[in-house]
Amino acid sequence: LLTFKLKHIVMAWRSSGSNNNEMVDNLKRFAVITSQTIEQGFRSVDRKFFVPRDHESIAHADQPLKEGNIHISAPHIYGSALEALELLENSSLSFLNIGSGTGYLSCIVASILGPHSTNYGIEIHQDVVQHSLEAISKWKIAFDGKIPHLEVIHGNALNISMDEGEALVGFDRIY
């Protein structure tokens, strides 16, 4: 069993591609992505919009990328997390992404949940919020479909008020 797990982890790092579709094909091939819903989410959000500046040439590498405060995890990490979230396609679920970073994961979730969902990201670093908003704007231009509600807030998740807003009724999914 340990050998299988180690082999699976090594194989996940082989999920790179020369473009978004090839990366998604490899995530699928190595069983990082197993559901069609998550596959479609990945295909609708090109990672190239979200990587740190000057990293576009390796945007589809299955590796984390970091420049200053701006960090994007490896695609296989997001694939595993998204599969575990049990997202319902075209639903009215609410999603909170704590430490939303570049906005990549939030956009994948928003594209899966659809236009009737509510999606919030909270990020502590203002420069990361700015990068995220720019990346989300680029993605929205390229997105083929109705744009879901997606808001990124500059703040500390430890200071979320439980007495107002969405937090008052809770979130269906939190990452």
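Refer to the structure presented above.
Keep in mind it's a predicted model, so treat the numbers as computed, not measured.

A. Focus on the packing of aromatic side chains. In total, this model carries five aromatic pairs according to the counting rule given. Ring geometry for Tyr-120 versus Phe-171: centroids 6.3 Å apart, planes at 80 degrees, classification edge-to-face. With Tyr-120 in strand 4 (residues 118-123) and Phe-171 in the loop between helix 7 (165-169) and strand 6 (173-174), the pair connects residues that are 51 residues apart, well separated along the chain. On the accessibility criterion, Tyr-120 (18% relative accessible area) is buried. Put simply, the rings of Phe-42, Phe-50, Tyr-78 and Tyr-104 pair up and form one aromatic cluster.

B. Just the side chain of Arg-173, in detail. Note that Arg-173 resides in strand 6. One buried charge, Arg-173, has no salt-bridge partner; the nearest side chain with opposite charge is Glu-86, at 5.1 Å. Within the structure, the side chain of Arg-173 is placed 2.9 Å from the backbone oxygen of Glu-86, a separation counted as a polar contact. Those residues in contact with Arg-173, other than ones at most four positions away along the chain, are Leu-85, Glu-86, Leu-87, Leu-93, Ser-94, Phe-95 and Leu-96.

C. How the structure looks around the nonpolar core. In terms of nonpolar packing, the biggest core is built from 34 residues, with Phe-42, Phe-50, Leu-82, Leu-87, Tyr-104 and Trp-139 touching the most fellow members. Counting residues per element, the ones that place at least two in this core are helix 2 (20-29), helix 3 (36-44), helix 4 (75-84), helix 5 (104-113), helix 6 (126-142) and strand 5 (149-154). In terms of residue count, helix 5 provides more of this core than any other element does, seven residues in total. In this view, Leu-82 contacts Ile-38, Phe-42, Leu-87, Leu-105, Ile-108 and Val-109; residues no more than four positions away in its chain are not counted.

D. Spatial organisation of the pairing of strand 5. Note: strand 4 against strand 5, six bridges, orientation parallel. Looking at strand 5, one finds that Tyr-120 is bridged to Glu-151.

Analysis parameters
- For every chain, the first residue of its written sequence is number 1, and the numbers climb from 1 along that sequence.
- Local features are withheld for residues below a pLDDT of 70 in this predicted model, meaning they are given only at 70 or higher, and side-chain atom pairs are given and counted only at 80 or more; totals for whole chains, interfaces and linings count all residues.
- Excluded from the side-chain calculations are hydrogens and water; all other atoms, namely the structure's heavy atoms, are used.
- Any pair of Phe, Tyr and Trp rings, taking the six-membered ring for Trp, is counted once the centres come within 6.5 Å. Such a pair is stacked with planes under 30 degrees apart, edge-to-face with planes over 60 apart, and tilted for the rest.
- The helix and strand labels rest on DSSP assignments: H or I over at least four residues marks a helix, E over at least two residues marks a strand, and numbering proceeds from the N terminus.
- For every residue, the accessible area (1.4 Å probe, protein chains only) is compared with the maximum for its type, and the residue is labelled buried under 20%, exposed over 50%, or partly exposed between those bounds.
- Within this scheme the basic residues Lys and Arg register as positive and the acidic residues Asp and Glu register as negative, but His and the chain ends are omitted.
- Just to be clear on terms, a salt bridge is a Lys or Arg side-chain nitrogen sitting within 4 Å of an Asp or Glu carboxyl oxygen.
- Counted as a polar contact is a pair of N or O atoms within 3.5 Å, where, for protein atoms, one must be capable of donating a hydrogen and the other of accepting one, and residues adjacent in sequence contribute only when both atoms are in side chains.
- Every residue pair with non-hydrogen atoms within 4.5 Å of one another is taken to be in contact.
- For this analysis, a nonpolar core means a set of buried residues of the types Ala, Val, Leu, Ile, Met, Phe, Trp, Tyr and Cys, connected via side-chain atoms within 4.5 Å.
- When DSSP finds two or more bridges between two strands, those strands count as paired.

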